[in-house]
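A look at the structure
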Amino acid sequence: MANKRVETGRGRKPGVVKASKKASTSNRAFYLIIAAIAIGGIAALTYASTRSNAAVNASPVDTTLPAVKSEGYVMGSPTAPVEVIEFGDFECPQCGRFATLTEPDIRKNLVGTGMIRFRYIDFPLQIHPNTWNASRAAACADQQGKFWEMHDALYANQDRWDGAATRNPDKVLRQIGDQIVPDKSKFDTCVDTKATQAKIQAHWSLGMARHVEGTPTLVIGDKQVAQSLPYDQFKQLVDSALAKSGKTPAAAGGDTAQSATVGGAKGGSKKAR
Amino acid sequence: MTKRMWMALISLAGLFLGVYLTMYKFGVIGTLACNVGSCEQVQTSRWSVFLGLPVATWGVGFYVLMLGLSIAGMQPRFLDSRRLSLGILVLAGWGVLFTAWLNYLEGFVIHAWCEWCLGSAAMVLLLFALAIMDWRETREIERETR
């Protein structure tokens, strides 16, 4: 044991610090390895940061799946050349990231200019205990034309009402909703009586029929991505869908006057169920 | 290669891992490379921030300290320093406790695993094992030189 330590310089008396030949070789090997790790690490981080700007791998949408007709909540012009559908879960952190980081740019640059129409369809996942409550509350807000405001508030306050925060989510959801809707009493009754359960069930069933496996699942034209996307990647897919549609927002005669008001969750939602 | 050299190498690898996750938290990287588990679910959960800073950033701080102490411990004047060994051991022990808490959250609260976090946990455990061996060695040297 003592011999081993002397080989690497340990165990010597103070002042005797001259390294042995073996220790010197060992040091050289160490610095070579540390340089290799440093170069490899920097290269990997550089690659990772540039990869985010690369084209995203999207899978083609299976055209044999049941089509989305009028389910969900729509923001933007009905004549926009491309429709984007999000199957989302209010308690899903990735959806929250998408809603808070990417969606503001989407609304401002794509929905507001009539390039796309954005449709949100609930797909509450079983692993999230409070997500059905949130979807029902959002549908209740929609009854008063405040879906998107509620949508944004739910994602921005996920940590107040999610499964890790409370076992009585309706109480917090009522507090959030009451600050948004004009008729608080109607909203509270709607939440308490689960009046919108059937609507959420229909949204969820559509997702199941379309084999949605996770959230967010984004359908952009004929492509589908099962993850949150930064704006640049999202825009690439929209550009591709626009090119395939052969239409431009102007050529499509987009109702931009209506959609221009949707930035920052000012748009109304249209519903069928 | 000495134990402190190994600790420095592992710390440097951990440092890059922490920087990678920190870059994700600050939006520099769009999506995480994640073949196993649900990295983004963990990294975007409310538990991914501790005292106002991303947990990954705390990890960067931990690995920087560990790297600094390990490299300092390779210098001739600190080779037999028991105090430095003890410092490394305490830091690694704190890392193990914090990592255990994070893994508990992943398994029992968030119900999702992040492969990068598990990789970091393995590194912290290795660092702790090496720190124990290093501390025992310096203790032995101290006894022999008395």
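Residues numbered from 1 in each chain as written. Chains lettered and ligands numbered in written order. Predicted model: local features only at pLDDT ≥ 70, side-chain atom pairs only at ≥ 80, totals over all residues. Heavy atoms only, no water.

A separate point is the overall build of chain A. Within chain A, the regular secondary structure consists of 11 helices and 6 strands. A total of 273 residues make up chain A; the buried ones form 49% of that total. Within the structure as shown, chain A displays about 12800 Å² of accessible surface, and the carbon and sulfur contribution to it stands at 55%. (Helix = DSSP H or I, 4+ residues; strand = E, 2+ residues; numbered from the N terminus. Buried < 20%, exposed > 50% of the residue type's maximum accessible area, 1.4 Å probe, protein only. Areas by Shrake-Rupley, 256 points an atom, 1.4 Å probe, with all protein chains shown as cover.)

A separate point is the sheet that holds strand S3 (residues 82–88) of chain A. Residues and elements named next belong to chain A. An order of S1-S6-S5-S3-S4-S2 is seen for the 6 strands of this open sheet, with the pairing classed as mixed. Two strands close off the open sheet at either side, each with one partner strand: strand S1 (59–60) and strand S2 (73–75). Across the sheet, helix H5 (residues 147–156) lies against S2, S3 and strand S4 (116–122), angled at about 65° from S4, the strand it touches most. In the packing of helix H9 (residues 197–209) onto the sheet, the strands contacted are S2, S3 and S4, and the crossing angle to S4 comes to about 105°. (Pairing = 2+ DSSP bridges. Contact = heavy atoms within 4.5 Å. Axes fitted to C-alpha atoms, helices over the stretch in contact; angles between N-to-C directions.)

Turning our eyes to something else, we now look at the nonpolar core. Among soluble globular proteins, nonpolar side chains are generally buried collectively. Residues and elements named next belong to chain A. The biggest cluster of nonpolar side chains holds 48 residues, and the ones touching the most others in it are Phe90, Ile106, Ile116 and Phe234. With 7 residues, helix H4 (residues 131–142) is the single largest residue contributor to this core. With residues near it in sequence (within four places) discarded, Ile106 still touches Phe98, Val111, Ile116, Phe118, Tyr231 and Phe234. (Core = buried A, V, L, I, M, F, W, Y, C linked by side-chain atoms within 4.5 Å.)

With respect to the helices and strands, Asn103(B) occurs in helix H4 (residues 82–110). Those residues in contact with Asn103(B) that sit more than four places away from it in its chain are Trp113(B), Leu118(B) and Ala121(B).

Take the environment of Gln94(A) next. With respect to the secondary-structure elements, Gln94(A) resides in helix H3 (residues 93–111). Residue Gln94(A) is classed as buried on the basis of its relative accessible area, which comes to 16%. As for Gln94(A) and Gln227(A), which are separated by 133 residues in sequence, their C-alpha atoms are 7.5 Å apart. In contact with Gln94(A), not counting residues within four places along its chain, are Thr215(A), Pro216(A), Gln227(A), Ser228(A), Glu40(B) and Thr44(B). Of the polar contacts made by the side chain of Gln94(A), one reaches the backbone nitrogen of Ser228(A); its length is 2.8 Å. (Polar contact = N/O pair within 3.5 Å; in protein donor to acceptor, adjacent residues only side chain to side chain.)

What follows covers the confidence of the model for chain A. Residue and element names in this part refer to chain A. Averaged over all residues, the pLDDT of chain A is 82; the fraction at 70 or higher stands at 78%. Here helix H11 (residues 256–259) stands out as the least confident element of chain A, with mean pLDDT 36; H4 is the most confident, with 97. Low pLDDT, under 50, characterises residues 1–7; the stretch is placed with 12 contacts to residues that sit more than four places away or in other chains. A low-confidence stretch, residues 250–273 stays under pLDDT 50, and its non-local contacts, those more than four residues away or across chains, total 60 contacts. (pLDDT = per-residue confidence, 0-100.)

Residue and element names in this part refer to chain A. Tracing the chain through its elements places Pro124 in the loop between S4 and H4. For Pro124, a relative accessible area of 3% puts it in the buried group. Residues Pro124 and Gln201, 77 residues apart in the sequence, show an inter-C-alpha distance of 9.1 Å. What Pro124 contacts, discounting residues up to four positions off in sequence, is Gly88, Asp89, Thr131, Trp132, Ile200 and Trp204.

All names here are of chain A. Of the positions making up helix H8 (residues 184–192), those classed as buried are Phe187, Asp188, Cys190 and Val191. Along the axis of H8, the buried residues cluster in a sector spanning 160°; they form a single face. In this fold, the buried residues of H8 make contact with H4, H5 and helix H7 (169–178). Among the residues of H8, the N-terminal cap falls to Asp183, whose side-chain oxygen and the backbone nitrogen of Ser185 are separated by 3.3 Å. (Arc of directions from axis to C-beta.)

This part is about the environment of Phe123(A). Residue and element names in this part refer to chain A. With respect to the secondary-structure elements, Phe123 resides in the loop between S4 and H4. Through-space distance from the C-alpha of Phe123 to that of Ala202 is 9.7 Å; in sequence the pair is 79 residues apart. Not counting residues within four places of it along the chain, the set of residues in contact with Phe123 comprises Phe87, Gly88, Asp89, Trp204, Gly207, Met208, Val212 and Thr215.

Bringing the layout of surface pockets into the picture now. Each pocket or cavity is described by its volume, and for the largest pocket that value is around 780 Å³. Around the largest pocket, the lining comprises 30 residues; the ones closest to its centre are Pro93(A), Asp162(A), Thr44(B), Ser45(B) and Arg46(B). Those elements that place two or more of their residues in the lining of the largest pocket are H3, H5 and helix H6 (158–161) of chain A together with helix H2 (39–43) and H4 of chain B. Considering every element that reaches the lining of the largest pocket, the biggest residue donor is H3(A), with 5 residues. Looking at side-chain class alone, the lining of the largest pocket contains 12 nonpolar, 12 polar and 6 charged residues. (1 Å grid on protein atoms, 1.4 Å probe; cavity = no way out; pocket = protein on both sides within 12 Å on 5 of 7 lines; lining within 4 Å. Points joined across faces, edges and corners; volume = space filled by probe spheres on them. Nonpolar A, V, L, I, M, F, W, Y, C, P; charged D, E, K, R; others polar.)

Before going further, it helps to examine the pattern of salt bridges. Taken as a whole and assessed by the stated rule, the structure comprises 9 salt bridges over all chains. With a closest N to O distance of 2.8 Å, Arg107(A) and Asp152(A) form a salt bridge. With Arg107(A) in helix H3 and Asp152(A) in helix H5, the pair connects residues that are 45 residues apart, well separated along the chain. Overall, the relative accessible area of 5% leaves Arg107(A) in the buried class. A salt bridge links Lys3(B) to Glu137(B); the shortest N-O distance between them is 2.9 Å. Taken together, the residues Lys3(B) in helix H1 (residues 3–25) and Glu137(B) in helix H5 (residues 115–145) connect sequence positions 134 residues apart. Lys3(B) gets classed as partly exposed once you look at its relative accessible area, which sits at 25%. What makes Glu137(B) buried here is its relative accessible area of 8%. One salt-bridge network, in which partners are shared between bridges, spans Glu83(A), Arg117(A) and Arg119(A). (Salt bridge = Lys/Arg side-chain N within 4 Å of Asp/Glu carboxyl O.)

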